Amino acid sequence: SKAKGRWNVVLGDARLKLERSKETYDVLLMDAYSSDAVPIHLVTVEAIQTYMRRLRPGGVVAIHISNRYMDLWPIFAAAAKELGLAERRRFDMNLDEALFPYKNASNWLVLAKNEADLRELALDPNWSEDKVPAGFAPWTDEKSSILTVLKGSPWNPVSPR
């Protein structure tokens, strides 16, 4: 209630709500991937295209991709490459309890229509641009494989076995 600016909470499936919406946003913040289940329909190329259509010029999509069981960043990196988007990721391990009480490590990814829209993130060494692992294809509404991102899976090109 004390937030500055205009905000609105919309309940329901984020992708469906955004597809039906005419609203545009400066920032879309997604936090749907930390549980055991990953809503695959939110990480496909088609879903990311929907998010990008809802951004105002200069807008970004910030995605919390921390997950105990899956390496989610290759999905987004591959989609960003295919769609010609700018992408940066940060794995924040600063867990100094005295400085940051109750803070957990987190993994974040930001997508933008171009490098200029990333502003300071593009220059910050804490935010790195991901290289798509060899042979990794972006997920689509028609094709995805959880085995390619499952930590420890022989089909995951980035996870130690």
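All values derive from a computational prediction rather than experimental measurement.

Enquirer: Looking at this model, I keep getting lost on the overall build of the protein. Mind explaining?
Expert: Looking only at helices and strands, the protein has three helices and four strands in total. For the protein, the N- to C-terminal ordering of α and β elements is α-β-α-β-α-β-β. Looking at the protein as a whole, 40% of its 161 residues qualify as buried. Residue pairs at least 24 apart in sequence account for 70% of intrachain contacts in the protein once pairs closer than 6 positions are excluded. As presented, the protein carries roughly 9900 Å² of accessible surface, and 55% of it is formed by carbon and sulfur atoms.

Enquirer: Would you take a moment to explain the nonpolar core for this structure?
Expert: Considering soluble globular proteins, one finds that nonpolar side chains tend to be buried as a cluster. Residues Tyr33, Tyr51, Val61, Ile63, Phe76 and Leu111 are the most contacted members of the largest nonpolar core, which totals 31 residues. Counting residues per element, the ones that place at least two in this core are strand 1 (25-30), helix 2 (45-53), strand 2 (55-64), helix 3 (73-83) and strand 4 (106-112). Broken down by element, the residue count for this core peaks at seven residues, all from helix 3. Discounting chain neighbours no more than four positions away, the residues touching Phe76 are Tyr33, Val43, Ile48, Ile63, Ile65, Leu109 and Leu111. Val60, Val110, Ala112 and Trp127 belong to the second largest nonpolar core, which has seven residues in total.

Enquirer: For this particular structure, what's the right way to read the sheet that holds strand 3 (residues 86-92)?
Expert: Each strand in a sheet pairs with another by means of backbone hydrogen bonds, the pair being arranged parallel or else antiparallel. Reading across the sheet, the four strands line up as 1-2-4-3 and stay open at both edges, with mixed pairing between neighbours. Every other strand in the sheet has two partners, leaving strand 1 and strand 3 as the edge strands with one partner each. Across the sheet, the mean angle from the axis of one strand to that of its neighbour is 15°, orientation sign disregarded. Relative to strand 4, strand 3 runs antiparallel, the two being bridged by seven bridges. Pairing of Arg88 across the sheet is with Val110, part of strand 4.

Enquirer: What is the right way to look at the environment of Asp130 in this model?
Expert: As for its position among the elements, Asp130 is in the segment after strand 4. The exposure class assigned to Asp130 is buried, which follows from its relative accessible area of 10%. The contacts of Asp130, once residues within four sequence positions are left out, are Trp73, Ala77, Glu87, Arg89 and Leu109. In this structure the side chain of Asp130 is engaged in a polar contact, spanning 2.9 Å, whose partner is the side chain of Arg89.

Enquirer: What exactly am I supposed to notice about a nonpolar patch on the surface here?
Expert: Residues Tyr69, Ile146, Leu147, Leu150 and Trp155 make up a contiguous nonpolar surface patch of roughly 460 Å² in combined accessible area. Of note, Trp155 is situated in the segment after strand 4.

Enquirer: For this particular structure, what's the right way to read the packing of helix 2 against helix 3?
Expert: As a packed pair, helix 2 and helix 3 sit with axes 10 Å apart at the nearest point and diverge in direction by 65°. Taken as axis vectors, helix 2 and helix 3 run roughly perpendicular relative to one another. Note that helix 2 runs across helix 3; the crossing there is right-handed. Within the contact between the two elements, helix 2 uses Val45, Ile48 and Gln49 and helix 3 uses Phe76, Ala79, Glu82 and Leu83.

What counts, and at which threshold
- Residues numbered from 1 in each chain as written.
- Predicted model: local features only at pLDDT ≥ 70, side-chain atom pairs only at ≥ 80, totals over all residues.
- Heavy atoms only, no water.
- Helix = DSSP H or I, 4+ residues; strand = E, 2+ residues; numbered from the N terminus.
- Buried < 20%, exposed > 50% of the residue type's maximum accessible area, 1.4 Å probe, protein only.
- Contact = heavy atoms within 4.5 Å.
- Areas by Shrake-Rupley, 256 points an atom, 1.4 Å probe, with all protein chains shown as cover.
- Core = buried A, V, L, I, M, F, W, Y, C linked by side-chain atoms within 4.5 Å.
- Pairing = 2+ DSSP bridges.
- Axes fitted to C-alpha atoms, helices over the stretch in contact; angles between N-to-C directions.
- Polar contact = N/O pair within 3.5 Å; in protein donor to acceptor, adjacent residues only side chain to side chain.
- Patch = residues over 30% accessible without salt bridge, like charges linked within 9 Å, V, L, I, M, F, W, Y side chains within 5 Å.
- Salt bridge = Lys/Arg side-chain N within 4 Å of Asp/Glu carboxyl O.
- Parallel < 35°, antiparallel > 145°, perpendicular 65-115°, else oblique.
- Left-handed = near helix turned anticlockwise from the far one by under 90°.

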